[in-house]
Amino acid sequence: MKVNTQSVNFTADKKLLDFIQKRMDKLEVFYDHVIKTDVYLKVENTSDKENKIFEARLSVPGDSLVVKKQCKSFEEGVDMAVSSLERQLKKRKEKLRAHL
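### Digging into unusual backbone geometry
For Asn9, which is not glycine, the phi torsion reads 65 degrees and is therefore positive. You can see Asn9 is positioned in the loop between strand 1 (2-8) and helix 1 (14-25).

### Quick notes on the nonpolar core
By size, the foremost hydrophobic cluster in this structure holds 23 residues, and its most contacted members are Ile20, Met24, Val39, Leu41, Phe54 and Leu85. Among the elements of the structure, helix 1, strand 2 (36-43), strand 3 (52-60), strand 4 (63-71) and helix 2 (74-99) are those that each provide at least two residues to this core. Of all the elements, helix 2 adds the most residues to this core, at six residues. Discounting chain neighbours no more than four positions away, the residues touching Met24 are Met1, Val3, Thr37, Val39, Phe54, Ala56, Val82 and Leu85.

### Considering the side chain of Thr37
Tracing the chain through its elements places Thr37 in strand 2. The residues contacting Thr37, other than those within four sequence positions of it, are Met1, Lys2, Val3, Asn4, Met24, Arg57 and Leu58.

### Overview of helix 2
For helix 2, which comprises 26 residues, the first-to-last C-alpha distance of 37 Å matches the rise-based estimate of 38 Å (1.5 Å per residue) to within 8%. Looking only at helix 2, the buried set comprises Phe74, Gly77, Val78, Ala81, Val82, Ser84, Leu85, Leu89 and Arg92. For helix 2, the secondary structure elements touched by its buried residues are helix 1, strand 2, strand 3 and strand 4.

### Regarding the pairing of strand 3
Most of strand 3 sits inside the fold, with seven of its nine residues counted as buried. Relative to strand 3, strand 2 is paired through eight bridges, and the arrangement is antiparallel. Among the inter-strand pairings, Val43 is bridged to a residue of strand 3, identified as Lys52. Looking at chain direction, strand 3 and strand 4 are connected through nine bridges and run antiparallel. Directly across from Val60, in strand 4, lies its bridge partner Asp63. Here strand 3 hands over to strand 4 after two residues, with Gly62 in that stretch at a positive phi of 85 degrees.

Thresholds, definitions, all that
- Here the residue index of a chain counts from 1 through its sequence in written order.
- Only residues with pLDDT of at least 70 are given local features in this predicted model, and only at 80 or more are side-chain atom pairs given and counted; all residues enter the totals for whole chains, interfaces and linings.
- Hydrogens are left out, water is left out, and the side-chain values use all remaining heavy atoms of the structure.
- Secondary structure elements are defined from DSSP: runs of H or I of at least 4 residues count as helices, runs of E of at least 2 residues count as strands, and each element is numbered from the N terminus.
- Take the buried Ala, Val, Leu, Ile, Met, Phe, Trp, Tyr and Cys residues and link them wherever side-chain atoms come within 4.5 Å; each set so joined is a nonpolar core.
- Residue exposure (1.4 Å probe, protein chains only): buried if accessible area is under 20% of the type maximum, exposed if over 50%, otherwise partly exposed.
- Here, residues are in contact when the closest pair of their heavy atoms is within 4.5 Å.
- For a helix, the expected span equals 1.5 Å multiplied by the number of residues minus one.
- Pairing between two strands is assigned when DSSP locates at least 2 bridges connecting them.

In structure tokens form, the structure reads like this:
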């Protein structure tokens, strides 16, 4: 799956990008018609510890799924977003099966 990653106001290291790619690739197990994924990594300038924002837009035929998570680390945000996208993809697949 093609994952386009954009980091806003900082440079993401290779280890983080590889981690994101690996997690997003696991989503193809649940729904194999994923076209592409756009990922946005942002850091808010606040004193709050949860200042990392992970946003993912998953493009599937006829729709796009969007998840936005704010956490202490990007890795934690990726894990939470992937589990949320996993549920959405399973639900979408069940709806498609019901129509057949």
